[in-house]
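Coordinate analysis (summary)
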Amino acid sequence: MTDATHDTTARGKPGPMLAADGTPLKRSLARALRMQKIRALLLIAPLLLFVLVTFIAPIADMLFRSVENDIVANTLPDTVEELASWDGASGETPSEAVYQALYFDLFIAAEAKEHTKLGTRLNYEQTGISSLFRSTGRNLDDLGKDYQKTLKKIDKSWDDGAFWYALMSGEGGEEVLESHRLQYMQLIGQSPRSIISRVWCVIRGIFYKACPTALEDIDLNFTPSAEAAQMLPATVAAYSDFAVFTVLADGDVVAEEDPWEAVYAAFAQDLNTSGTVDKIQSYSGPGQAELLAVTENLADLPAPDFKTTFLDIDKDWGKIENWQTIKIYSPKYTSGYFLNSVDLMKTPEGIDARPENQRIYLKLFKRTLFMSLVITGSCILLGYPVAWILANLPARKANLLMILVLLPFWTSLLVRTSAWKIMLQQQGVINDTLVWLGLVADGNRLVMINNQFGTIVAMTHILLPFMILPMYSVMQTIPPTYLRAAKSLGATNWTAFWRVYFLQTVPGIGAGSILVFILSIGYYITPEIVGGTTGTFISNRIAYHISSSLNWGLAAALGTILLGVVLLLYWAYDRIVGIDNVKLG
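Residues numbered from 1 in each chain as written. Predicted model: local features only at pLDDT ≥ 70, side-chain atom pairs only at ≥ 80, totals over all residues. Heavy atoms only, no water.

1. Overview of the overall build of the chain
- Scanning the chain for helices and strands turns up 28 helices and 4 strands.
- Computed over C-alpha atoms, the radius of gyration of the chain comes to 36 Å, more than 25% over the 25 Å expected from 2.2 N^0.38 for 585 residues, which places it beyond the range of a compact globule.
- Seen through its principal axes, the chain has C-alpha atoms that stretch 120 × 105 × 45 Å.
- Looking at the chain as a whole, 40% of its 585 residues are labelled buried. (Helix = DSSP H or I, 4+ residues; strand = E, 2+ residues; numbered from the N terminus. Rg over C-alpha atoms; globule rule 2.2 N^0.38 Å. Buried < 20%, exposed > 50% of the residue type's maximum accessible area, 1.4 Å probe, protein only.)

2. Points about the state of the cysteines
- Applying the stated rule across the entire model yields 1 disulfide.
- Here cysteine 201 engages in a disulfide with cysteine 211; their sulfurs sit 2.5 Å apart. Handedness of the cysteine 201-cysteine 211 disulfide follows from its S-S torsion of about -100°: it is left-handed. A residue pair is termed long-range when its members are at least 10 positions apart, and cysteine 201 in helix H10 (residues 195-207) and cysteine 211 in the loop between H10 and helix H11 (226-231) qualify at 10 residues. (Disulfide = S-S within 2.5 Å.)

3. What to know about a nonpolar patch on the surface
- Taken together, the side chains of Leu41, Leu43, Ile44, Leu47, Leu48, Leu49, Phe50, Val51, Leu52, Val53, Phe55 and Ile56 define a hydrophobic patch exposed on the protein surface, amounting to about 1200 Å² of accessible area.
- Mapped onto the elements of the fold, isoleucine 44 is located in helix H1 (residues 25-65). (Patch = residues over 30% accessible without salt bridge, like charges linked within 9 Å, V, L, I, M, F, W, Y side chains within 5 Å. Areas by Shrake-Rupley, 256 points an atom, 1.4 Å probe, with all protein chains shown as cover. Salt bridge = Lys/Arg side-chain N within 4 Å of Asp/Glu carboxyl O.)

4. Regarding the pattern of salt bridges
- Under the defined criterion, the tally for this structure stands at 13 salt bridges.
- Note that arginine 65 is salt-bridged to aspartate 61, the shortest N-O span being 3.0 Å. Residue arginine 65 and its partner aspartate 61 are both found in helix H1; the two are separated by 4 residues, about one turn of the helix.
- Relative accessible area serves as the criterion here: at 30%, arginine 65 is assigned to the partly exposed category.
- Judged by its relative accessible area of 37%, aspartate 61 is partly exposed.

5. A word on the packing of aromatic side chains
- Tallied over the entire structure, the rule returns 30 aromatic pairs.
- Residues tryptophan 158 and phenylalanine 163 carry aromatic rings whose centres are separated by 4.9 Å and whose planes lie at 85° to one another, so their mutual orientation is edge-to-face. Residue tryptophan 158 shares its accessibility class with phenylalanine 163, and that shared class is buried.
- Relative to tryptophan 164, the ring of tryptophan 158 lies with its centre 5.2 Å away and its plane at 65°, an arrangement referred to as edge-to-face.
- When its relative accessible area of 0% is taken as the criterion, tryptophan 158 is described as buried.
- Accessibility expressed as a relative area gives 0% for tryptophan 164, which makes it buried.
- A network of ring pairs unites the aromatic residues Tyr103, Phe104, Phe107, Tyr165, Tyr184, Phe222, Tyr239, Phe242, Phe245, Trp260 and Phe306 as a single cluster. (Phe/Tyr/Trp six-rings, centres within 6.5 Å; stacked < 30°, edge-to-face > 60°.)

6. Regarding the domain arrangement of the chain
- When its domains are assigned, the chain resolves into domain 1 (8-65), domain 2 (74-334) and domain 3 (361-581).
- A straight line from the C-alpha centre of domain 1 to that of domain 3 covers 44 Å.
- Taken together, the contact between domain 1 and domain 3 spans 4 residues of the former and 6 residues of the latter.
- Approximately 440 Å² of surface area, both sides summed, lies buried where domain 1 meets domain 3, with 76% of it carried by carbon and sulfur atoms.
- Area buried by domain 1 at its contact with domain 3 is led by Met62, Leu63 and Arg65, which between them contribute 91% of it.
- Inspection of the region where domain 1 meets domain 3 yields 0 salt bridges.
- Linking domain 1 with domain 3 are 0 residue pairs in polar contact (both at pLDDT 80 or more), by the criterion used here.
- Per-class residue counts for the side of domain 1 that touches domain 3 are 3 nonpolar, no polar and 1 charged. (Domains from an automatic or database assignment. Contact = heavy atoms within 4.5 Å. Buried area = accessible area lost by both parts, 1.4 Å probe. Polar contact = N/O pair within 3.5 Å; in protein donor to acceptor, adjacent residues only side chain to side chain. Nonpolar A, V, L, I, M, F, W, Y, C, P; charged D, E, K, R; others polar.)

7. Some words on the pairing of strand E3 (residues 344-347)
- Both E3 and strand E4 (residues 350-353) contribute to a ladder of 4 bridges, which runs antiparallel. Within E4, the position partnered with leucine 344 by the bridge is alanine 353.
- Here E3 hands over to E4 after 2 residues, the two strands then running antiparallel side by side. (Pairing = 2+ DSSP bridges.)

8. Let's talk about the environment of serine 330
- Here serine 330 shows up in the loop between helix H17 (320-328) and helix H18 (336-341).
- In this structure serine 330 comes out as buried when scored by relative accessible area, which is 13%.
- When the C-alpha atoms of serine 330 and glutamate 81 are compared, they prove to be 9.3 Å apart, with 249 residues separating the residues in sequence.
- Here serine 330 is in contact with Asn69, Val72, Ala73 and Val80, once residues within four sequence places are set aside.
- A polar contact of 2.7 Å, which involves the side chain of serine 330, links it to the backbone oxygen of lysine 327.

9. A closer look at the packing of helix H12 (residues 233-248) against helix H13 (residues 261-271)
- Where H12 contacts H13, the two axes come as close as 7 Å, and the packing angle between them is 170°. With respect to H13, the axis of H12 lies roughly antiparallel. Contacts between H12 and H13 involve Pro233, Ala234, Thr235, Ala238, Tyr239 and Phe242 on the former and, on the latter, Ala262, Val263, Ala266, Phe267 and Asp270.
- Residue composition of the contact of H12 with H13, by class: 9 nonpolar, 1 polar and 1 charged. (Axes fitted to C-alpha atoms, helices over the stretch in contact; angles between N-to-C directions. Parallel < 35°, antiparallel > 145°, perpendicular 65-115°, else oblique.)

In structure tokens:
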């Protein structure tokens, strides 16, 4: 008896087989198989989510950071645009228009305390730029103060925030204001909320509490006048920056605050632009009388010389190298981090090698690979006899020795590494023993710490269990009768071992080698403590850039290259040996 039956067609021929519920058996089986797959997916979903969040996402973030370079374009948007037409190989400094754009870009960046971040980023490429940006940010307001004093002498209204608000406000300038709002959001590293983010905020507001108001949704209570923007474009742009910052950053009311010094500098720039006086004379809006009074005193308001202003602040603004660095690293994505990782650099002429005294990363990569191979080989030589003994001893004795193999796992890695530092130093246990035995003179104690030897010894001890365990698990599966059979056929002990036993342990050696090599190539703590200057790995440099220099882009590029090297070696091992031949037991 079964739960499946045959359907019959009108002509009496058998139709498709039906399940107990009357549906075709094929469809019913497909549905059952689909449900089984869904249940299996739900079972592994937590693990899959955990892997995505803790493994895949960090790797993706690392890959992105290794090419991300939007800080220059976001901090100096107008300057980058003006620099696009400048020839960095001409030997001449940029035009006045570039310095003018730099003044207004850097002014709002200094107000937002973002100019120091830009200086730090560029300082990775050109030493000294960080201090240049810091000093400049502190002195930018001097230019505008001079114009502010002059305007105040003409009419005190120019020193009143409410007067400026009335002059700049109106209708038709919404696009100007929103463009400056977006520039400010990019400056501080924020972007408008996506549709998904807004939906999430709605859900969060229903079940928990509302999200903070998005910057793009905050009412600034100010709209630039289209007429003012046509008459005084630079002034309206500078005032819009001031209005956006006043509301979004300070939380103040625009009409109640005095404008930035940059607004006065922009006003002087507009006054000395051809055609502005004629537009003012035909203007009939708020501030008409004050504007006409200013046009009668234009001799007291000369056009700002932005280039001279920057050179007075710091003569380094006249150095071609600094401007070349800004232009080279102005794109939002760069290959500069990867070039630095292999001791190369970007120049106006193209890619070039770094100076000899700055080439360290290729040397570190070679050292890391060499020492990792030596550590792996040392673990094979030391671990193979131990694994063989464990596999051939009676179970009780093997279990006792296995406890000794696993004992290091019960001790902190930091403690084990520190113990080796004590043992290997010139006044340590090993040197004292050698001197006591007379093998080494007291004045000629061995230097076994803060070098490659110390790193290899300490890491071999730490990683040895990872080599022993795979080899032991494979050796346990080899029947001892194979060796006896080989000897009975006339093979010597060595021939029986090499031709019969060893070949069967190769999968275990392969598994242990991959495990030890991959672990050692990324080790950080042990080389840092016992390696000194000649025994450190590339991972130590990555950690330095993450925690000390804060050059996360270079750290990400170094990590990406290291990941690529490991994957390449893994692929080569698979091609030569075959990953299917690797066994853990």
